Amino acid sequence: MKVVKNIIQYIVATILALAILLLILINIFSSSILSKDYVLSKLDEQNYYDKIYEDTKSNFENYIHQSGLDEEVLNDIVAKEKVKKDTKIIINNIYNGMDEKINTEEIKERLNENINNSLNGKISATQRKSIDTFVDTICKEYEATISHTNYEQKIHTGYKQIERYINLAKKGILIGIGVCIVLIILLTLKRIYRVIARIGIAFTIDGILLLFAQNYINSKVRISSITILNDGTSEVLRSILNDILGNVLKYGSVLLSIGIILIVIYGLIKSIRKIKREKEQYTPEN
């Protein structure tokens, strides 16, 4: 009976460890890539807006040679403030479910004005058609560079579903953790100090798994070489991934340390109780 009870205790401790592990991973992702404020802070930290602004200018220049127009027509058609404002619109569309469009009318007006000034207002009907095509191309290129797409609402729908599942999972996991702790207490009622050992085992398992996962991912994935869309987006993504792995390392180290300390404390309590028991049983000869 005692052996069966011990096996049950270790099984419950393992389930507790997995529940705590899932809760930690959920919290890591909820506080990073699933958090709008966190993402916005990362955009500022990585100078995202400045990099995207430079990308827009560079991408515009790729079209100017094909158009036959002077490069000066691209001067001041987009400001850094607009890039920042439009990027926040995209973020709001994704995280808050807004359906705000990026306004490119200002770009059109400035570009048309620059072109008119460059050609001294002498534009034929044929030129007008080519210029309109060029202006539309520049506006579309701007939207593409700042990553504005028609899929923002679909991304938001997916984000809300993930958020809903995470909230349900959190509630279920917290209930599971509570049930596991109660079971461990009931199974160790006569020796309540064993609760320390079982929780220590759960923390140690979590710590080892998190440290192993962090080390494995670092050895297999070269985060510094990950590239997506453009340099600005790539650097933000790399920073987020490094933060996530840093948090995994932090939690793993803390849980492993606490787990070992709890197991040592349990060992000390058990030894003290054993010594005390032996002293009580010892009867010196007269």
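Cut-offs applied
- Residues numbered from 1 in each chain as written.
- Predicted model: local features only at pLDDT ≥ 70, side-chain atom pairs only at ≥ 80, totals over all residues.
- Heavy atoms only, no water.
- Domains from an automatic or database assignment.
- Buried area = accessible area lost by both parts, 1.4 Å probe.
- Salt bridge = Lys/Arg side-chain N within 4 Å of Asp/Glu carboxyl O.
- Polar contact = N/O pair within 3.5 Å; in protein donor to acceptor, adjacent residues only side chain to side chain.
- Helix = DSSP H or I, 4+ residues; strand = E, 2+ residues; numbered from the N terminus.
- Nonpolar A, V, L, I, M, F, W, Y, C, P; charged D, E, K, R; others polar.
- Buried < 20%, exposed > 50% of the residue type's maximum accessible area, 1.4 Å probe, protein only.

Q: What exactly am I supposed to notice about the domain arrangement of the protein here?
A: A common measure of how large an interface is: the accessible area buried when the components associate. In terms of domain boundaries, the protein breaks down into domain 1 (2–31 + 153–277) and domain 2 (49–150). Look at where the C-alpha atoms of domain 1 and domain 2 centre, and you get two points 48 Å apart. Three residues stand out in domain 1 for area buried against domain 2, namely Gln153, His156 and Tyr159, and they jointly supply 49% of the buried area on that side. Inspection of the domain 1/domain 2 interface yields one salt bridge. Remark: the boundary between domain 1 and domain 2 carries five residue pairs in polar contact (both at pLDDT 80 or more). Among the elements of the structure, helix H7 (152–187) and helix H9 (231–281) are those that each provide at least two residues to the side of domain 1 that touches domain 2. Among the residues forming the side of domain 1 that touches domain 2, the class breakdown is three nonpolar, five polar and two charged.

Q: Would you take a moment to explain unusual backbone geometry for this structure?
A: If a residue is not glycine, its phi is most likely negative; likewise, a peptide bond is most likely trans. Its identity is not glycine, yet Asp76 carries a phi of approximately 60°, on the positive side. For Asp76, the position within the fold is in the loop between helix H3 (48–67) and helix H4 (80–95). Residue class for Asp76 comes out exposed when judged on its relative accessible area of 63%. For Ser147, which is not glycine, the phi torsion reads 70° and is therefore positive. Judged by relative accessible area, which is 22%, Ser147 ranks as partly exposed.

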